[in-house]
Structures are given as structure tokens and as C-alpha cells.
Amino acid sequence: MNKILTLFLLFLGCCVKAQQPVLTGGMDSFIRQNIIYPAYSYQNCVQGVVRISFKLNKQGAVYSSKVSNGPGIDLDQEALRLIRMSSGKWKVPADYDTTYVLVAPVNFRLSSEDYNRVTQQDMNKAIAVYKANEGLTDAITNFYRNKAQGKYNEGEEKKVIALKTELGYDDDYLNKKIQEGQKKLKQKDRQGACEDFLFVKYMGSTLADDLLEKYCK
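Everything numeric in this text was worked out from a predicted model, so none of it was measured.

So, on to the UniProt feature "domain: TonB C-terminal" (unreviewed entry) in the chain. Following the UniProt record, one finds the feature "domain: TonB C-terminal" (unreviewed entry) at residues 22-117. Annotation note: span residues 22-117, helix share 30%, strand share 31%, distance between end C-alpha atoms 35 Å.

As C-alpha cells, then:
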């Protein structure tokens, strides 16, 4: 059975016991330097804590990482990305038990006074809309994945384009997604960047094709 070890590695920072693994430079500093606040949550002022469970090997590499608790929106993916980015940066005690499941809370907070006026009810509504639209987003990306393989119904594309418009996946949105990917490239997070560029591709756009060719082969 896996043993659970909770690391209190909040965005605001706190102490980590010496016998526990320690992230070089500290978790709070690592998050401040690398966080890219996800677009949907930023636009809708969604804040909160996402808990990521993961394991470390003797070399301090992260493996078996997953979201153990979160709102189920883009904050989850960013928290997971941050923990995966920390791989190889952990100092692990010599007698460390690699069967431990570590739990790291990542605290997303917006400092603007306007954002802090948003109520929990407002955030809950935004979260519900995100989840309601998730299946529709998947329908769009699945269509264009199939189109790339030559397996699609040409007559359905007009409906898919209309759905993209309804959900706000226009060039402005996709360019912001590309910008997020480019920031991740600067952080040497090629996996995260390529996921963003592929999202753009499977929204039926060619805007990220050059970046995919250059970085994601």
C-alpha cells in the first residue's frame, strides 16, 4: 500500500521538515517564477487550491503525478504542469522511501482588488460553464484529429465551425494559447508548449504549424 506524505508547499510558502524531500530554491519561489495563470480562470477570476499527488525516485525525478483534488478546470492542468516541471530539482534524503505518495497543494491567487470582489458563487458558475463546455471542446478537437487522418464527414465541418464561434475559439483566443506555449518554451517545458500548439492545430487552425514543426516532432 502506498504511504501518503503531505508536503505543505503552498504558493505563499511554509516550512518543510528536513527529513522530507525539499525542492531546490523552495516551492513558493519555483511557482512564482514559473506559473502561467490559465486563461479561462484568469478571465473569470477563478482562484483556489489544487492538490497534486506524485512520487519521487532517488534522483528527485517526479513520476506518477496526477490531480488528487481540484476544481476540474484549467487550474488543474497548470498545477500538474508545475509539479512535473519540478522533476529533477528535488533533494531526496538518502533513506527516502520512494513508495511515498507526496501531496503538494498549489495555491492560485489573484491579487487585483477587482478579482477579490468576485464571490465563490461567481467562481462556481464559471467552473460549471467550463465543465459544460468541455465535451463540446472535445467534439471539436476530435473532428479535426479525424480530419488530419482523412476520416471525417465534410458536411459536419460547418457545424463544427459554428460551435467554435459559439465557444469563443477565434484567432485571438488561439494566439493567446500560442503565447502561453511560447512562455512554456522559455521555461524549457517543451511538453506543455507542444500540448498548447497541438490544441491550436486541433481547433482547425494553422497558426501553430511552424512551431509544431520546429519544436514538436
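On inspection of all chains with the given rule, the structure shows 11 aromatic pairs. Aromatic side chains Tyr37 and Tyr42 sit 6.2 Å apart centroid to centroid with 65° between the ring planes, which places their arrangement in the edge-to-face category. On the accessibility criterion, Tyr37 (16% relative accessible area) is buried. On the basis of relative accessibility, which here comes to 39%, the residue Tyr42 falls in the partly exposed class. Consider the rings of Phe54 and Trp90, whose centres lie 5.6 Å apart with planes at 45°: the pair is tilted.

Sheet faces and side chains relate simply in a regular strand, where the side chains alternate between the two faces. Pairing geometry for strand β3 (residues 48-56) and strand β4 (residues 62-69), over five bridges, is antiparallel. Following the sheet pairing, Leu56 is matched in β4 by Val62.

Turning next to the state of the cysteines. Counted under the stated rule, the structure contains one disulfide. Disulfide pairing is shown between Cys194 and Cys216; the S-S distance is 2.0 Å. Looking down the S-S bond of the Cys194 and Cys216 bridge, the torsion is -95°, so its handedness is left-handed. You can see Cys194 sitting in helix α8 (residues 190-201) and its partner Cys216 sitting in the segment after α9 (209-215), a full 22 residues away along the chain. What makes Cys194 buried here is its relative accessible area of 11%. Since its relative accessible area comes to 24%, Cys216 is described here as partly exposed.

Contact geometry for helix α1 (residues 27-34) and helix α3 (residues 74-85): axes closest at 11 Å, N-to-C directions at 115°. For the crossing formed where α1 meets α3, the hand is right-handed. For the pair α1 and α3, the contacting residues are Met27, Phe30, Ile31 and Asn34 in the first and Glu78, Arg81, Leu82, Ile83 and Met85 in the second. In terms of residue class, the contact of α1 with α3 is made up of six nonpolar, one polar and two charged.

How big an interface is tends to be reported as the loss of accessible area on association of its parts. Segmenting the chain into domains produces domain 1 (22-106) and domain 2 (120-216). Centre-to-centre, using C-alpha coordinates, domain 1 lies 24 Å away from domain 2. Listed by partner, the interface residues are 19 residues for domain 1 and 14 residues for domain 2. Both sides of the domain 1 and domain 2 interface together cover about 1,300 Å² of buried area, and 60% of this is carbon and sulfur. In terms of surface lost to domain 2, no three residues of domain 1 exceed Ile36, Tyr40 and Arg81, which account for 36% of the buried area on that side.

Conventions adopted
- Residues numbered from 1 in each chain as written.
- Predicted model: local features only at pLDDT ≥ 70, side-chain atom pairs only at ≥ 80, totals over all residues.
- Heavy atoms only, no water.
- UniProt positions renumbered as here; feature names shortened; annotations may be inferred.
- Helix = DSSP H or I, 4+ residues; strand = E, 2+ residues; numbered from the N terminus.
- Phe/Tyr/Trp six-rings, centres within 6.5 Å; stacked < 30°, edge-to-face > 60°.
- Buried < 20%, exposed > 50% of the residue type's maximum accessible area, 1.4 Å probe, protein only.
- Pairing = 2+ DSSP bridges.
- Disulfide = S-S within 2.5 Å.
- Axes fitted to C-alpha atoms, helices over the stretch in contact; angles between N-to-C directions.
- Left-handed = near helix turned anticlockwise from the far one by under 90°.
- Contact = heavy atoms within 4.5 Å.
- Nonpolar A, V, L, I, M, F, W, Y, C, P; charged D, E, K, R; others polar.
- Domains from an automatic or database assignment.
- Buried area = accessible area lost by both parts, 1.4 Å probe.

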